[in-house]
Amino acid sequence: MNAQSHERNRLTPWYIGLLIILAAVIFVGYRMWVTECGVSIGLELIVLAVMPIVYIVLMYLTLTSQK
């Protein structure tokens with residue numbers, strides 16, 4: 001039997017993670033908007049911008065450190 005090695009795209013987990021992050025940000029932002037959440041603008045920015053950016057940076061560092 002001939003063993004064929006199928007190369008996986010190294011960025012597939014990054015794409016999947018990015019889609020999950022974007023879906024979560026859109027969902028949370030929509031829920032904040034619909035329910036007229038009384039949270040301060042600073043906390044909204046942390047939830048909708050800073051946390052996803054940090055997660056994306058950490059994913060990038062993890063993927064670039066792999067061989």
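Residues numbered from 1 in each chain as written. Predicted model: local features only at pLDDT ≥ 70, side-chain atom pairs only at ≥ 80, totals over all residues. Heavy atoms only, no water.

1. Remarks on a nonpolar patch on the surface
Here is step 1 of the chain: On the surface, Leu43, Ile46, Val50, Met51, Ile53, Val54, Val57, Leu58, Tyr60 and Leu61 cluster together into a nonpolar patch covering about 930 Å² of accessible area.
Here is step 2 of the chain: Structurally, Val50 is set in helix α2 (residues 41-64).
Here is step 3 of the chain: When its relative accessible area of 44% is taken as the criterion, Val50 is described as partly exposed. (Patch = residues over 30% accessible without salt bridge, like charges linked within 9 Å, V, L, I, M, F, W, Y side chains within 5 Å. Areas by Shrake-Rupley, 256 points an atom, 1.4 Å probe, with all protein chains shown as cover. Salt bridge = Lys/Arg side-chain N within 4 Å of Asp/Glu carboxyl O. Helix = DSSP H or I, 4+ residues; strand = E, 2+ residues; numbered from the N terminus. Buried < 20%, exposed > 50% of the residue type's maximum accessible area, 1.4 Å probe, protein only.)

2. What to know about the environment of Thr12
Here is step 1 of the chain: Here Thr12 is to be found in helix α1 (residues 12-34).
Here is step 2 of the chain: Thr12 sits in the partly exposed class, given a relative accessible area of 34%.
Here is step 3 of the chain: A C-alpha to C-alpha distance of 24 Å links Thr12 and Val28, two positions 16 residues apart in sequence.

3. A short note on the packing of aromatic side chains
We describe a pair of aromatic rings using the distance from one ring centre to the other and the angle between the two ring planes.
Here is step 1 of the chain: Evaluated as defined, the whole model comprises one aromatic pair.
Here is step 2 of the chain: Measuring from ring centre to ring centre gives 6.5 Å for Tyr30 and Trp33, while their planes differ by 55°; the resulting arrangement is tilted. In this pair, Tyr30 and Trp33 both sit in helix α1, three residues apart, roughly one turn of the helix.
Here is step 3 of the chain: The exposure class of Tyr30 is partly exposed, given its relative accessible area of 49%.
Here is step 4 of the chain: The exposed category is assigned to Trp33, whose relative accessible area is 66%. (Phe/Tyr/Trp six-rings, centres within 6.5 Å; stacked < 30°, edge-to-face > 60°.)

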